[in-house]
Amino acid sequence: MIVVDRIAELRDRCDAARRSGETVGLVPTMGFFHEGHRSLMRAARASHDLVVTTIFVNPLQFGENEDLAGYPRDLVADTAAAEAEGVDVLFVPSVPEMYPEPTVTTVHVAGLTEGLCGAVRPTHFDGVTTVVAKLFSIVGPCTAYFGRKDFQQLAVVRRMATDLDLPVRVVGCPLVREPDGVAMSSRNAYLSADERRRATGIFSSLRAAAAVVEHGERDPQRVRGAVETEAGRHGLELEYAEVRRAADLAPLASVDGEVVVAVAAAVGKARLIDNVTMQIAGAEVSIDLGVITLAEQESTT
Ligand code: AMP
């Protein structure tokens, strides 16, 4: 694996790979790797000749009072993890390398970016789509891998690629959870032991939503109510709990078809997001809670 911090060098490597007929897979991240990130690298490794992973804590996607300065970083551990996953090129640019001039060009996806996280983070998705468009342009990937943990982000990036005819396949990968169900996130590093315990309530509240739907509930407000009640039992205050159509995040009159229940909660100084997707056809309900990793002890015995 090579570690690259210059755009020109990354572009050269990717151009050379494509010229010799190789396919290129891209995994964009902000680093501080966990199993969620690693699962994306494995998916890219399984299907591509050249795997590029990027680590860039993108200032454009942080609001003024957000955690840009304190965002967790560990380049030594990340380099070892990427190497272990068979990544070929790890791109770790500086902020001036990515934004030598103040940015006056922004990629904005209307509509999809307005509700859910966009309601509280009004500039966040513009920052994401702008940096992802730049990475697509630099790397020229055949496929780019994103986690379904950031469900709205995946929908927004997909829509950008479709609307701009970007020559890249955007693949959504399963949400990866800790053994107790908490969605893996670099921001879990902010949690105290007590907050970490409370965070399990987010998963419980999504399971509560799944349970009522499995029992026949089809009213989005009542499904939302089940999430809120369970979150309350865990002392969690939700920023939002929404029941939306999975394809375009549109509000629903009835819980039917492919549906996402998405939540955000502030736990201590961490803002955590999570979701569950469901496929509903009449009385048939299939729930996707993602992948729950085994506890260390269980996996080694
Ligand atoms: P981040 O470094 O948090 O910006 O995430 C980089 C990529 O990893 C994004 O596509 C995320 O959706 C994905 N990701 C983060 N956490 C998880 C998780 N728990 N499961 C699956 N993918 C994840």
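Residues numbered from 1 in each chain as written. Predicted model: local features only at pLDDT ≥ 70, side-chain atom pairs only at ≥ 80, totals over all residues. Heavy atoms only, no water.

**Student:** Give me the lowdown on the overall build of the chain, citing residues and values where you can.
**Tutor:** Within the chain, the regular secondary structure consists of ten helices and twelve strands. For the chain, the C-alpha radius of gyration of 19 Å lies close to 19 Å, the compact-globule estimate for 301 residues. The dimensions of the chain, computed from C-alpha atoms along their principal axes, are 55 × 45 × 40 Å. For the chain, the proportion of contacts with a sequence separation of at least 24, taken over those separated by at least 6, is 71%. As displayed, the chain has an accessible area near 13,900 Å², and 51% of this comes from carbon and sulfur atoms. In the chain, which carries 30 positive and 42 negative side-chain charges, the distance between the mean positions of the two groups comes to 0 Å. (Helix = DSSP H or I, 4+ residues; strand = E, 2+ residues; numbered from the N terminus. Rg over C-alpha atoms; globule rule 2.2 N^0.38 Å. Contact = heavy atoms within 4.5 Å. Areas by Shrake-Rupley, 256 points an atom, 1.4 Å probe, with all protein chains shown as cover. Lys, Arg positive; Asp, Glu negative; His and termini not counted. Charge placed at Lys NZ, Arg CZ, Asp CG, Glu CD.)

**Student:** Describe in detail helix α7 (residues 151-163), supporting the description with residues and values.
**Tutor:** An α-helical turn contains 3.6 residues, so a residue and the one three or four places further along point in the same direction. Compared with the 18 Å implied by 1.5 Å per residue over 13 residues, the 18 Å span of α7 between its first and last C-alpha is a close match. Burial in α7 covers these residues: F151, Q152, Q153, L154, A155, V156, V157, M160 and A161. A positive backbone phi angle near 50° is found at D165, which sits one or two residues after α7. (Expected span 1.5 Å × (residues − 1). Buried < 20%, exposed > 50% of the residue type's maximum accessible area, 1.4 Å probe, protein only.)

**Student:** Tell me about the sheet that holds strand β8 (residues 238-245), residues and numbers included.
**Tutor:** The sheet built from four strands is open, its strands ordered β8-β9-β10-β11 with antiparallel pairing. Each end of this open sheet is capped by a strand with a single partner; those strands are β8 and β11 (284-288). Within this sheet the neighbouring strands show an average axis-to-axis angle of 15°, counted without direction. In this sheet, β11 lies alongside strand β10 (residues 270-281) in antiparallel orientation, the contact comprising five bridges. Bridging from a neighbouring strand, M278 pairs with I287 of β11. (Pairing = 2+ DSSP bridges. Axes fitted to C-alpha atoms, helices over the stretch in contact; angles between N-to-C directions.)

**Student:** So what about the pairing of strand β5 (residues 143-147)? Which residues, and what values?
**Tutor:** Successive side chains on a regular strand alternate, one facing one side of the sheet and the next facing the other. The buried fraction of β5 is high, at five of five residues. Here β5 shows a buried face lined by T143, Y145 and G147 and a second buried face lined by A144 and F146. Here strand β2 (residues 24-29) runs beside β5; their pairing, made up of two bridges, is parallel. Each residue of the ladder has a partner; that of G25, found in β5, is T143. Bridge analysis of β5 against strand β6 (residues 169-173) gives five bridges, and the strand direction is parallel. Paired with T143 across the two strands is R169, which belongs to β6. Note that the unit made of β5, α7 and β6 has a crossover that is right-handed. (Right-handed = clockwise from strand over helix to strand, strands pointing away.)

**Student:** Any details on the environment of A110? Residues and values, ideally.
**Tutor:** Relative to the helices and strands, A110 resides in the loop between α4 (95-98) and α5 (117-120). Exposure remark for A110: the relative accessible area of 54% places this residue in the exposed category. Spatially, the C-alpha atom of A110 lies 28 Å from that of G36, the residues being 74 residues apart in sequence.

**Student:** Help me get a handle on the packing of helix α8 (residues 193-214) against helix α9 (residues 220-233), residues and values and all.
**Tutor:** Each pair of packed helices gets described by two things: the angle between the helix axes and the distance between those axes. Two elements in contact, α8 and α9, have axes whose closest approach is 8 Å; the angle formed by their N-to-C orientations is 145°. The crossing of α8 and α9 is right-handed. Contact residues: α8 offers S204, S205, A208, A209, V212 and V213, while α9 offers V223, A226, V227, E230 and A231. (Left-handed = near helix turned anticlockwise from the far one by under 90°.)

**Student:** A description of the sheet that holds β2 should follow, citing residues and the corresponding values.
**Tutor:** Spatial ordering of the open sheet is given by β1-β4-β3-β2-β5-β6, a layout of six strands whose pairing is parallel. On the outer flanks of this sheet lie β1 (2-4) and β6, each paired with one strand and no other. Ignoring strand direction, the axes of neighbouring strands in this sheet form an average angle of 25°. Set on the sheet, helix α1 (residues 7-19) makes contact with β1, β2, β3 (50-55) and β4 (89-91); between it and β3 the angle comes to about 160°.

**Student:** Before we move on, could you go through the pattern of salt bridges and cite the residues and values that matter?
**Tutor:** All chains considered together, the criterion is met by 20 salt bridges. Between R196 and D180 there is a salt bridge, with its nearest N and O atoms 2.9 Å apart. Within this pair, whereas R196 is found in helix α8, its partner D180 is found in the loop between β7 (176-177) and α8, the two being separated by 16 residues in sequence. A residue is classified by how much of its surface remains accessible, and R196, at 23% relative accessible area, is partly exposed. Residue D180 is classed as partly exposed on the basis of its relative accessible area, which comes to 35%. Note that R245 and D248 form a salt bridge whose closest N and O atoms lie 2.7 Å from each other. Where salt bridges share partners, they join E35, R38, R42 and E85 into one cluster. (Salt bridge = Lys/Arg side-chain N within 4 Å of Asp/Glu carboxyl O.)

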